[in-house]
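The primary structure of each chain is shown beneath.
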Amino acid sequence: MGDPTTSELTSAKIVVAGGYGAGKAAFVGSIADSDLMSCTMLPPDGAGLGDPASLEFGRVWLDPTLILYLFCTPQRPGLGWDDVARGAIGAVVLVNPRRPLDSVDAAGFFADRGVPFVLASHGESGRRHDLDGVRQAVTGGARVPVVHCDTRDRRLVKNTLVSLVEHAKASRVLCP
């Protein structure tokens, strides 16, 4: 742990995405230091996108000098996603193994923008899913890390975040 009197505060932004009902709020809520915060994003005038979108976020202190800000994407792909992803070190794309195609748009969004991401296949604690099958269904087999994560289990959420940070660091080394 760093000494807060001699070290500068460092922060990192991570985006949590996935299909409708994928568990984004549960993921962030299980690790956040306080209750989730929520705000409303209004579509630009004349955009024809209909109702406003909700954005939820939380934060977690990893030590006295390092804080992660976790942002859930709005439900509708596209509306505000570029704003949410701007400045993020990476993303966690939650995948329901019973409905993996619901997460294809989210994975494609981050892949198209060069944002490192991991796929987190979620389900009940202790249940393992065919992670290679999930990767194939969502990314077409691209070399993206896939981890098992029950979004209600703080330990598994933490492991998922560690996997993402390691993948993001490796991506930056390989593709500066």
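Residues numbered from 1 in each chain as written. Predicted model: local features only at pLDDT ≥ 70, side-chain atom pairs only at ≥ 80, totals over all residues. Heavy atoms only, no water.

**Student:** Any chance you could explain the pattern of salt bridges here in plain terms?
**Tutor:** Pairing between side chains becomes possible if they bear opposite charge and their charged atoms approach one another. Using the criterion set out here, one finds 5 salt bridges in the structure. A salt bridge links Asp-150 to Arg-152; the nearest nitrogen and oxygen atoms lie 2.9 Å apart. Residue Asp-150 is classed as buried on the basis of its relative accessible area, which comes to 2%. On the accessibility criterion, Arg-152 (58% relative accessible area) is exposed. Notably, a salt bridge pairs Arg-155 with Asp-153, separated by 3.9 Å at the nearest N-O pair. Arg-155 gets classed as exposed once you look at its relative accessible area, which sits at 53%. (Salt bridge = Lys/Arg side-chain N within 4 Å of Asp/Glu carboxyl O. Buried < 20%, exposed > 50% of the residue type's maximum accessible area, 1.4 Å probe, protein only.)

**Student:** Would you explain the environment of Ser-121 in this entry?
**Tutor:** Relative to the assigned elements, Ser-121 resides in strand 6 (residues 117–121). The exposure class assigned to Ser-121 is buried, which follows from its relative accessible area of 0%. (Helix = DSSP H or I, 4+ residues; strand = E, 2+ residues; numbered from the N terminus.)

**Student:** Got a minute to help me understand the environment of Ala-142 in this structure?
**Tutor:** For Ala-142, the location among the structural elements is in the loop between helix 4 (131–139) and strand 7 (146–148). On the accessibility criterion, Ala-142 (35% relative accessible area) is partly exposed. Taking the C-alpha atoms as reference points, Ala-142 and Ala-111, separated by 31 residues in sequence, lie 9.7 Å from one another.

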